[in-house]
Amino acid sequence: MPDKPSENEQEYFQRLDMERVRAAREKAARETAAQEAARLKQLHWMRCPKCGMELAEVEFRGVTVDACFACGGMYFDSGEVDKLDGRKEPGLLGRMSATLFGRDAG
């Protein structure tokens, strides 16, 4: 006749089961969050923040910018305004990045 598991053994296996359930729930939550982020990116990718219509990439003074032909908005990615302005020195984010990561800012 097999021995009955002790109270410590029962507690140990209950704890293992709880950890497995917790890990499975965390994994499911991460997967759900990643799916939601991908869905939102797809929903908003290249959409005008003002009117929601589709943006088109256009060449403007030698710089590719995102333009909305519905409302006339023009949207700039990082560094594009500096290129249009003809600045040689990096912008605030470029200087911060150079300081934080030890890169050459120019």
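Presented here is a report on the structure given in the accompanying data block. These figures come from a predicted structure and were not determined experimentally.

Some details on the sheet that holds strand E1 (residues 56-60)
Here is step 1 of the chain: The strand order across the open sheet built from three strands is E1-E2-E3, with neighbouring strands paired in antiparallel fashion. Unpaired on one side and paired on the other, E1 and strand E3 (74-75) mark the two borders of the sheet.
Here is step 2 of the chain: Two strands pair when backbone bridges link them, and strand E2 (residues 63-67) and E3 are joined in this way by two bridges, in the antiparallel orientation. Bridge pairing in E3 places Asp-66 opposite Tyr-75.

So, the pattern of salt bridges
Here is step 1 of the chain: A full pass over the atoms with the stated rule returns five salt bridges.
Here is step 2 of the chain: Asp-17 is paired through a salt bridge with Arg-20; the nearest N and O atoms lie 2.9 Å apart. Of the two residues, Asp-17 and Arg-20 both sit in helix H1 (residues 7-44), three residues apart, roughly one turn of that helix.
Here is step 3 of the chain: According to the relative accessible area criterion, Arg-20 is exposed, its value standing at 53%.
Here is step 4 of the chain: One salt-bridge network, held together by shared partners, links Glu-19, Arg-22 and Glu-26.

How each quantity is defined
- Residues numbered from 1 in each chain as written.
- Predicted model: local features only at pLDDT ≥ 70, side-chain atom pairs only at ≥ 80, totals over all residues.
- Heavy atoms only, no water.
- Pairing = 2+ DSSP bridges.
- Helix = DSSP H or I, 4+ residues; strand = E, 2+ residues; numbered from the N terminus.
- Salt bridge = Lys/Arg side-chain N within 4 Å of Asp/Glu carboxyl O.
- Buried < 20%, exposed > 50% of the residue type's maximum accessible area, 1.4 Å probe, protein only.

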